[in-house]
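The lines below spell out each chain.
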Amino acid sequence: MRIAIVSLFPEMFSSISDYGITRRAMENGLVELNFWNPRQFTSDKHQTVDDRPYGGGPGMVMMIQPLRDAIQAAKAWAGEEAKVIYLSPQGRVLTQPGVQELATEANLVLVAGRYEGIDERLIELEVDAEWSIGDYVLSGGELAAMVLIDAVTRLIPGALGHAQSAEQDSFSDGLLDCPHYTRPDVYEGRAVPDVLMSGNHERIRRWRLQQALDRTVRRRPDLLEKLELNEEQQKLLSE
Ligand code: ADE
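Treat the numbers as computed from the prediction; the structure is a model and nothing was measured. (Residues numbered from 1 in each chain as written. Predicted model: local features only at pLDDT ≥ 70, side-chain atom pairs only at ≥ 80, totals over all residues.)

Draft legend 1. The environment of Ile-3, seen in detail. Residue position: Ile-3 is located in strand E1 (residues 2–6). Residue class for Ile-3 comes out buried when judged on the 25 C-beta atoms lying within 10 Å of it. Sequence separation between Ile-3 and Ala-106 is 103 residues; the distance between their C-alpha atoms is 9.2 Å. Setting aside anything within four residues of it in sequence, one finds Ile-3 in contact with Val-31, Glu-32, Leu-33, Leu-108, Leu-110 and Ile-149. (Helix = DSSP H or I, 4+ residues; strand = E, 2+ residues; numbered from the N terminus. Buried ≥ 20, exposed ≤ 12 C-beta atoms within 10 Å, placed from the backbone. Contact = placed C-beta atoms within 7 Å.)

Draft legend 2. Summary view of the site of the ligand. If you check the shell around the ligand, you find Leu-87, Ser-88, Pro-89, Ser-132, Ile-133, Gly-134, Tyr-136, Val-137, Leu-138, Gly-141 and Ala-144 and nothing else. With three residues, strand E5 (residues 83–93) is the single largest residue contributor to the shell around the ligand. Residues of the shell around the ligand, tallied by class, amount to seven nonpolar, four polar and no charged. (Near = placed C-beta within 6 Å. Nonpolar A, V, L, I, M, F, W, Y, C, P; charged D, E, K, R; others polar.)

Draft legend 3. Inspection of the nonpolar core at higher detail. Val-6, Val-109, Leu-110, Val-111 and Leu-148 are the most contacted members of the largest nonpolar core, which totals 44 residues. Mapped onto this core, the elements with two or more residues apiece are E1, strand E4 (61–62), helix H3 (64–78), E5, helix H4 (96–103), strand E6 (107–112) and helix H6 (142–153). At seven residues, the largest contribution of residues to this core is made by H6. (Core = buried A, V, L, I, M, F, W, Y, C linked by C-beta atoms within 7 Å.)

Draft legend 4. Inspection of the sheet that holds E1 at higher detail. One open sheet accounts for five strands, arranged E2-E1-E6-E5-E7; its pairing is parallel. The outermost strands of the open sheet, each flanked by one partner alone, are strand E2 (32–36) and strand E7 (129–132). Along the sheet, successive strands turn relative to each other by an average axial angle of 35 degrees, direction set aside. In this structure, E5 lies alongside E7, joined through five bridges in parallel fashion. Each residue of the ladder has a partner; that of Val-93, found in E7, is Ser-132. Contacting E1, E5, E6 and E7, H6 crosses the sheet at an angle of about 155 degrees to E6. (Pairing = 2+ DSSP bridges. Axes fitted to C-alpha atoms, helices over the stretch in contact; angles between N-to-C directions.)

Draft legend 5. Focus on the packing of helix H2 (residues 20–27) against H6. Look at H2 against H6: their axes get within 10 Å of each other, and the N-to-C directions meet at 70 degrees. By the angle class used here, H2 and H6 are roughly perpendicular. Facing Ile-21, Thr-22 and Ala-25 of H2, the residues of H6 in contact are Ile-149, Asp-150 and Thr-153. Here the residues of the contact of H2 with H6 sort into three nonpolar, two polar and one charged. (Parallel < 35°, antiparallel > 145°, perpendicular 65-115°, else oblique.)

Shown next, in the form of structure tokens:
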């Protein structure tokens, strides 16, 4: 997947390109990142990318021209069929089903805004979808873009090592994750649950599912309401 990023701060993205699973996915060519900085599409001496808002008020708004030129250059690299996504709190809130949808796209152009936002006409002209990572306000779209890239990358076949798998992720079945333990088997008097030492894979699988269901009921009942539980899940839930 090619992901073109339009941002005034491309250096921020080293946190995903230099570390962990996202880094390996990039090294293995599963994900390719490239950057377009609107400043490079300015023609004035100060490389101006923002201007005062019509109607007054605090803050500045990102101007159309440098940002539009940057988006079009990004699209030329990512492919004309690439989805252009603007990260903003006004967008559709990103959840795992949304991440799954995005992971099926061939290529993406991610537009990270700064200041109070971007000129609305640019959204009308160039943006295919607006996505939010949650109901809070960040200082710019870069962190949101990185969250989206990280979550999508995990779902690209081959991105997770064979010991890991996206099917085992919390939320893959819409439930919260079960608890995890490693050595030592007793720590400050707290023992690892016996079942995990039993070697009985079927019992372990059922215990984990039970734990995931219990936690979801107690911590996030809102998630359960939207789920269609399978027969086994319904049975465990009623026990
Ligand atoms: N930009 C600023 N806040 C944001 C949010 N919550 N999600 C996506 N982009 C943003």
